[in-house]
Each structure stands twice: as structure tokens, then as C-alpha cells.
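What the coordinates show
Now for the letters of each chain:
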Amino acid sequence: MKRITKRIISALSVCAMFTASLPISVSAAAENVQPRGSYHVYGDVNNDGIITGSDATLALHAYKVFENLTGSPDLPVEYAVARPSVYFGSIETPVPQAADTNCDGVINNDDATDILHYYTLLNSGSSSLEGYNGNCGKVFFIQ
């Protein structure tokens, strides 16, 4: 009887480990994911047509939520795209890809700082963005 119980427990353990290793499918049907084939601007996270300090705050909030959930300060863009309501709260049409201003595939403090730096330069009264070489303000296409 003990031998049979051990075999059953062993088989269940193997099944549990196998099931845990399978990729989890995430349905984005209920989420407000940006449609493919649309143009957006790096830095305009809330998709309102202008880059402001609130866009930097949204990027900062998104990666902090991920850090609190996982311990990692780098929020993969695909996670933010799959579940924007988790990372961007009540924003109606967030564009998570716009928060990744350095195009490294993650949203983190560097991106939030870049958005804030761009916004500061725009509001400094300078007629140009001298010294800024980032992607904020550049148009990109979601395929």
C-alpha cells in the first residue's frame, strides 16, 4: 500500500511540475489593447496627443507596479500590452509601447526619466530640443 501511495504521489508531482512549466495563455480580449496598424508617438503614454509630466508618471507607475508584483524593476512591454489595466490603471487608451522610449523592450526608470527630460525641454522656452537625442516625440507604428 505504501509503495502504491508513493507512486501516485510521485506521478502527481511530475504532472504538477509539467503543468507549471507550460506557457500560460493570456487573453487580451477584455483589455483595451491598441489596435495593430496604428501610429503613435514615443512618450505619449496616455495617448492624448501631447507629451506631459503625466506620461512620465504613468511610465513610472507601470514599472513600479511590476516591481511590487515581481521584484524586477524592468516591466516587459509585452506584459504591459497584454494587461494595460494592471499597469496603467484607469487610463482609457494607454499605449504601453510609447512608454518604452529607448526601445529596449522594457519599461523602467530610464524611460520615465527620458519622458520627463523631453517634457522639461519642451517647456523650457527653448526653440529647439538641443542636447536631446532620445525617441520622445518620434512617431512609431504598431504592426
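Residues numbered from 1 in each chain as written. Predicted model: local features only at pLDDT ≥ 70, side-chain atom pairs only at ≥ 80, totals over all residues. Heavy atoms only, no water.

**A short note on the side chain of His40**
Applicable threshold: Starting at the N terminus, helices and strands are each numbered in turn, a helix being any DSSP run of H or I of at least four residues and a strand any DSSP run of E of at least two. Burial classes follow relative accessibility: with a 1.4 Å probe on protein chains only, a residue under 20% of its type's maximum area counts as buried, one over 50% as exposed, and anything between as partly exposed. For this analysis, a polar contact is any N or O atom pair within 3.5 Å, provided that within protein one partner can donate a hydrogen and the other can accept it, and provided that sequence-adjacent residues contribute only side-chain to side-chain pairs.
Tracing the chain through its elements places His40 in strand E1 (residues 38-41). Accessibility expressed as a relative area gives 8% for His40, which makes it buried. A polar atom in the side chain of His40 sits 2.9 Å from the side chain of Ser38.

**Quick word on unusual backbone geometry**
Peptide bonds are mostly trans, and most non-glycine residues show a negative phi. The backbone of Asn47 shows a phi angle near 60°, a positive value even though the residue is not glycine. Mapping Asn47 onto the fold places it in the loop between E1 and helix H2 (53-70). For Asn47, a relative accessible area of 29% corresponds to the partly exposed category. Here the phi dihedral of Cys103 falls at roughly 55°; this positive angle occurs in a residue that is not glycine. Relative to the helices and strands, Cys103 resides in the loop between helix H5 (96-99) and strand E3 (106-107).

**Topic: helix H6 (residues 109-122)**
For the record, the criterion: How far a helix is expected to stretch is found by multiplying one less than its residue total by 1.5 Å. Contacts between residues were defined by any pair of non-hydrogen atoms, one from each residue, lying within 4.5 Å.
Here H6 is 14 residues long and its end C-alpha atoms lie 20 Å apart, about the 20 Å a rise of 1.5 Å per residue gives. Those residues of H6 not exposed but buried are Asp111, Ala112, Asp114, Ile115, Tyr118 and Leu121. If you follow the buried residues of H6, they end up packed against H2, H5 and E3. Two or three places before Asp110, at the opening of H6, Asn108 has a side-chain oxygen 3.1 Å from that residue's backbone nitrogen.

**Some details on the side chain of Gln97**
Here Gln97 shows up in helix H5. Residues in contact with Gln97, not counting those within four places in the same chain, are Tyr42, Val77, Val81, Phe140 and Ile142.

**Quick word on the confidence of the model for the protein**
As a reminder, the rule being used: Residue-level confidence of the predictor is summarised by pLDDT, bounded by 0 at the bottom and 100 at the top.
Looking at the protein as a whole, its pLDDT mean stands at 83, while 75% of the residues score no less than 70. E3 holds the highest mean pLDDT among the elements of the protein, 97, whereas helix H1 (residues 2-21) holds the lowest, 59. In this model, residues 24-31 is a region of pLDDT below 50 whose contacts with residues beyond four sequence positions or in other chains number 9 contacts.

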